[in-house]
Amino acid sequence: MTNERKEELQRQCLEFRNELIDLLHSIQTGHPGGSLSCTEILTALYFEIMNVDPANPCMEGRDHLILSKGHAAPMLYLALAKKGYFPEEELKNLRQIDSMLQGHPCVHKTPGVELSTGPLGLGLSAGLGMALADRIKGYDAYTYVIMGDGEIQEGCIWEAAMSASKFQADHLIGILDNNGVQLDGTNEEIMPMGDIRAKWESFGWDVITCDGHDVEDICNAVAEAKKIKGKPVLIQARTVKGKGVSFMEGKNTWHGKAISDEDYGKAKAELGGVKE
Ligand SMILES: Cc1ncc(C[n+]2csc(CCOP(=O)(O)OP(=O)(O)O)c2C)c(N)n1
Ligand SMILES: [Mg+2]
């Protein structure tokens, strides 16, 4: 990736963060922490990696992205709108009744959403199904499943992990948004995850670690993952919950909290959007 392209994508991430804070402040609800955590992951996938066509969201042979940690929907919607799946003016209807943009992703309402998510733990099984279906159809398509690190405490994640390994699903790439924090506290406090790499490896996966806030590092990790044959791959992306807004960083209290006018001013000043 050229330095110029990297700068362009990182600038885009800053713009997404600004827009996210505007949106969530205006509707006084939503999930800032987990959305800010996966900004670069979504940006790298939609704007550099995936083979998709916003004009034809159901294009045969496309890559699939499942946001299994569905509460980060606002950042997904910002990326989808920017990519051209629907008009950016729709964003103001986020979380409104009957809106195209529900609080959690809905496959029936939003172009570009591949799976309805929100109940944690389901995305990896569905993603495995998509990856296997593409293989049967003879497509060289990849399925990416973005999971939270609290989410992977769900038992069904590990059933899917076992199956993916049995079926040698090498076109299934899990991306773990590894921010160390969940809803009520840190992973360590709620349910210690131990050695995440060792766990996934013991389930037959390859594991690649990257900086989840560096678009180039994420792209390199995906390129590396695509070289691995006969096994699914987990990209363990090191992230910070609430990344980019200092008082939200690493704080479970910002998992799903309305942004006050005062905090809005502070956040925008930090992000370079408007002054306090
Ligand atoms: C099955 C299920 N249990 C509980 C919840 C409530 N919930 C929503 S987000 C969340 C925490 C998720 O933490 P993590 O996966 O680490 O996400 P991130 O830190 O990236 O926001 C919980 C418990 C849910 N959505 N689904
Ligand atoms: Mg987390």
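Anything mentioned here points back to the structure above.
Residues numbered from 1 in each chain as written. Chains lettered and ligands numbered in written order. Predicted model: local features only at pLDDT ≥ 70, side-chain atom pairs only at ≥ 80, totals over all residues. Heavy atoms only, no water.

### Some details on the packing of aromatic side chains
With the rule as written, the count across this model stands at 7 aromatic pairs. Centre to centre, the rings of Tyr-46 and Tyr-85 are 6.4 Å apart; their planes meet at 75°, and the pair counts as edge-to-face. One end of the pair, Tyr-46, is in helix 3 (residues 39–49); the other, Tyr-85, is in the loop between helix 4 (73–83) and helix 5 (123–137), with 39 residues separating them in the sequence. Here Tyr-46 and Tyr-85 have matching classes, each one buried. With 4.8 Å between their ring centres and 45° between their planes, Trp-158 and Trp-200 make a pair best called tilted. Taken together, the positions of Trp-158 in helix 6 (residues 155–166) and Trp-200 in helix 8 (residues 196–202) put the pair 42 residues apart, joining distant regions of the chain. Of the two residues examined, Trp-158 and Trp-200, each falls in the buried class. Grouping aromatic residues by their ring pairs yields a cluster made of Trp-158, Trp-200, Phe-203 and Trp-205. Just above the ring of Phe-247 sits the side chain of Lys-266; from NZ or CZ to the centre is 5.9 Å. (Phe/Tyr/Trp six-rings, centres within 6.5 Å; stacked < 30°, edge-to-face > 60°. Helix = DSSP H or I, 4+ residues; strand = E, 2+ residues; numbered from the N terminus. Buried < 20%, exposed > 50% of the residue type's maximum accessible area, 1.4 Å probe, protein only. Lys NZ or Arg CZ within 6 Å of the ring centre and 35° of its normal.)

### Examining the pattern of salt bridges
Counted by the stated rule, this structure contains 15 salt bridges. Notably, a salt bridge pairs Arg-62 with Glu-114, separated by 2.7 Å at the nearest N-O pair. Of this pair, Arg-62 sits in the loop between helix 3 and strand 1 (64–67) while Glu-114 sits in the loop between helix 4 and helix 5; the two residues are 52 residues apart in sequence, bridging distant segments of the chain. For the pair shown, Arg-62 and Glu-114 are each scored as buried. With a shortest N-O distance of 3.9 Å, Lys-266 and Asp-263 are connected by a salt bridge. You can see Lys-266 and its partner Asp-263 sitting in helix 10 (residues 261–271), 3 residues apart, about one turn around the helix. For Asp-263, a relative accessible area of 16% corresponds to the buried category. Each of Arg-5, Glu-8 and Glu-48 takes part in salt bridges that share partners, so that together they form one network. (Salt bridge = Lys/Arg side-chain N within 4 Å of Asp/Glu carboxyl O.)

### Concerning the pairing of strand 2 (residues 143–148)
Here is the key point about a regular strand: its side chains alternate between the two faces of the sheet. Across the 6 residues of strand 2, 6 count as buried, placing the element largely inside the fold. Residues of strand 2 alternate between two faces, with Thr-143, Val-145 and Met-147 on one and Tyr-144, Ile-146 and Gly-148 on the opposite face, all of them buried. Two elements, strand 1 and strand 2, share 4 bridges in a ladder whose sense is parallel. In the sheet register, Leu-67 faces strand 2, and the bridge partner there is Ile-146. Where the polypeptide runs from strand 2 across helix 6 and back to strand 3 (residues 172–178), its parallel neighbour, the crossover connection is right-handed. (Pairing = 2+ DSSP bridges. Right-handed = clockwise from strand over helix to strand, strands pointing away.)

### Description of the coordination of the magnesium ion (ligand 2)
For the magnesium ion (ligand 2), the full set of protein donor atoms is Asp-149 (OD), Asn-179 (OD1) and Val-181 (O), at a range of 2.1 to 2.2 Å. Written as a sequence motif, the donor residues of the magnesium ion (ligand 2) are D-x29-N-x1-V. For Val-181, a relative accessible area of 8% gives the class buried. (Donors = N, O, S within 2.8 Å, 3.2 Å for Na, K, Ca; no water.)

### Quick word on the site of ligand 1
Among the 17 residues in the neighbourhood of ligand 1, the closest are listed as Lys-69, His-71, Asp-149, Gly-150 and Glu-151. Note that a nitrogen atom of ligand 1 is positioned 2.9 Å from one of the backbone N or O atoms of Gly-118. Separating an oxygen atom of ligand 1 from a side-chain N or O atom of Asp-149 is a distance of 2.8 Å. Taken by itself ligand 1 offers 600 Å² of open surface, and the protein chains cover 76% of this. The residue inventory of the shell around ligand 1, partitioned by class, reads 4 nonpolar, 8 polar and 5 charged. (Near = heavy atom within 4 Å. Polar contact = N/O pair within 3.5 Å; in protein donor to acceptor, adjacent residues only side chain to side chain. Areas by Shrake-Rupley, 256 points an atom, 1.4 Å probe, with all protein chains shown as cover. Nonpolar A, V, L, I, M, F, W, Y, C, P; charged D, E, K, R; others polar.)

### Focus on the side chain of Thr-143
Within the element layout of this structure, Thr-143 appears in strand 2. If we ignore the near neighbours within four places in the chain, the residues touching Thr-143 are His-64, Gly-127, Met-130, Ala-131, Asp-134, His-171, Leu-172 and Ile-173. (Contact = heavy atoms within 4.5 Å.)

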